[in-house]
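Here's the letter readout for the chains.
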Amino acid sequence: MRSRRPGAAPRAPPIPPVPPVPPARAAALRRRLLAWYDASRRDLPWRAPQGAADPYRAWLAEVMLQQTRVEAAIPYYRRFLEAFPTLEALAAAGEEEVLSRWAGLGYYARGRNLLAAAREAVARHGGLPATPEALRALPGFGPYTAGAVASIAFGVRAPAVDGNAARVLARLFRIEGRPEERAVRERILGVAARLVPAGRPGDWNQALMELGATVCGRAPACGRCPVEPLCEARRAGRERGIPPPRRHPAPALLRVACAALWRDGRLLLVRRASRGLLGGLWELPGVTLHGADPARAAVRRALRRDLGLEASVGRELAAVERQLTHRRLQLIAYEIRSVRPVPGTGKPPGKSVPKPVPGTEHRGRAGPAGPAPGMRSRPVPGPVPGTRWISPDALEGVAISTAVRRLVEALAAARAKE
DNA sequence: AACCCGGGGTT
DNA sequence: AACCCAGGGTT
């Protein structure tokens, strides 16, 4: 520590540089970690027995693994690959079809971006491009996924730093501070870029992540760690404090009231807008409640505005509550006693629909439906754009969130008891 | 930089 | 209940 000379200007705290990565240390880390990976890597469906992975499969796995644990993604990966075995098959698919295979996985923009990127890759490159820069230009490819696919599938010497790798590297090089801050992130990325070996970039990146997932977690098992002797956080006794935990505000409550419209044992579903919460998925027609909104009146207004239906709203039939990361989602379904078309709105032209507060809208449709679906009378049973009737025991193939699935199941159970 | 986006497991 | 997960997009 050098003392400041009298008269010298007080210096702002220096920006910490990327920690040095001596070649000998890099070589030791690579040797030990790759040996450990060869011996104890998990047998995952998208991993080739040896060598480079199939680009399409590696990409699909990476997207499904975004913010999603390996064990949770595996069954989805198998089913998705069965439906869309190749990049070309995916590119030729429809969004509804893709989203129905994604249903339950969450973060549905991943599914939509996956389809858009597949189409773009086939059209512009005749397949997935090999460089991180070209991949990065496709929807759904951020820095991590671009580096992961380039290194794992194409052998490009690019880093791929996910949450696991970031934690491992921060500990190995004792990088203190919050990884959300740019300076900290740049130091981690700097170390990562210097460490990737030219020989086995994909295995190296996966080894870092694998170590973070199985050994170097929030509560690290240093006794099983192949690089413990090289870990500066461990040497300083700081392994448990790096990285510091993030804090999130308590999730807000989102109350949604909806209508259980039955016809011939089937329920009416409407489609949500493709952006925002649960974008592009099907749900019961309804509305988000604000404050102490009376639920039944709100449902009545929503049916009139969105579907052109005059309805009599009955009692509560079912309710479910789901915990999302950032929301407590509460769904309440009400009985619909009778329903008839609002006079004069059978063929609404460009009727102005009140614009919902962004992020709180609970209708997926651009405008009112055409012919009203009658309950007893059956005026025009033809399909209405943006709506569909589904049987509760035929939910496979329907793009529907877990929350709405639970609600539909509860409604079917309540109906069965009558 | 801050916020949004699901669902589920671990501690 | 807090925290996290093979992150990316938008503002």
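Residues numbered from 1 in each chain as written. Chains lettered and ligands numbered in written order. Predicted model: local features only at pLDDT ≥ 70, side-chain atom pairs only at ≥ 80, totals over all residues. Heavy atoms only, no water.

*Asks:* Would you mind going over the domain arrangement of chain A with me for this structure?
*Replies:* Think of interface size as the accessible area that goes away when the parts come together; that is how it is often given. According to the domain assignment, chain A consists of domain 1 (23-235) and domain 2 (252-417). At the junction of the two partners, domain 1 supplies nine residues and domain 2 supplies 16 residues. Across the domain 1 to domain 2 interface the summed buried area is about 830 Å²; carbon plus sulfur atoms make up 47%. The three residues of domain 1 that bury the most area against domain 2 are E96, Y108 and R112, which together make up 51% of that side's buried surface. Put simply, R271 and E96 hold a salt bridge, and the shortest N to O gap is 3.6 Å. At the junction of domain 1 and domain 2, the tally comes to four residue pairs in polar contact (both at pLDDT 80 or more). Here the side of domain 1 that touches domain 2 gets four residues from one element, more than from any other, and that element is helix α5 (residues 95-102). Per-class residue counts for the side of domain 1 that touches domain 2 are four nonpolar, two polar and three charged. (Domains from an automatic or database assignment. Contact = heavy atoms within 4.5 Å. Buried area = accessible area lost by both parts, 1.4 Å probe. Salt bridge = Lys/Arg side-chain N within 4 Å of Asp/Glu carboxyl O. Polar contact = N/O pair within 3.5 Å; in protein donor to acceptor, adjacent residues only side chain to side chain. Helix = DSSP H or I, 4+ residues; strand = E, 2+ residues; numbered from the N terminus. Nonpolar A, V, L, I, M, F, W, Y, C, P; charged D, E, K, R; others polar.)

*Asks:* Quick question: what am I supposed to make of the protein's contact with DNA strand B here?
*Replies:* Not every one of the 20 residues close to DNA strand B is listed here, only the nearest: Y107, Y108, L278, R322 and T325. Within the side chain of T68, an N or O atom sits 3.0 Å from a base nitrogen of DNA strand B. Looking at side-chain class alone, the surface near DNA strand B contains six nonpolar, nine polar and five charged residues. (Near = heavy atom within 4 Å.)

*Asks:* What am I meant to see in the nonpolar core here?
*Replies:* One recurring pattern in soluble globular proteins is that nonpolar side chains are buried together. Ranked by size, the top nonpolar core spans 105 residues in total, and within it W59, F80 and L90 carry the most contacts. Counting only domains with at least three residues in this core, you end up with domain 1 (23-235) and domain 2 (252-417). When near neighbours in sequence (up to four residues on either side) are disregarded, L90 contacts Y56, W59, F80, F84, V98, L114, L115 and A118. Counting 21 residues, the second-largest nonpolar core is a separate cluster that includes V270, A295, L307 and I332. (Core = buried A, V, L, I, M, F, W, Y, C linked by side-chain atoms within 4.5 Å. Buried < 20%, exposed > 50% of the residue type's maximum accessible area, 1.4 Å probe, protein only.)

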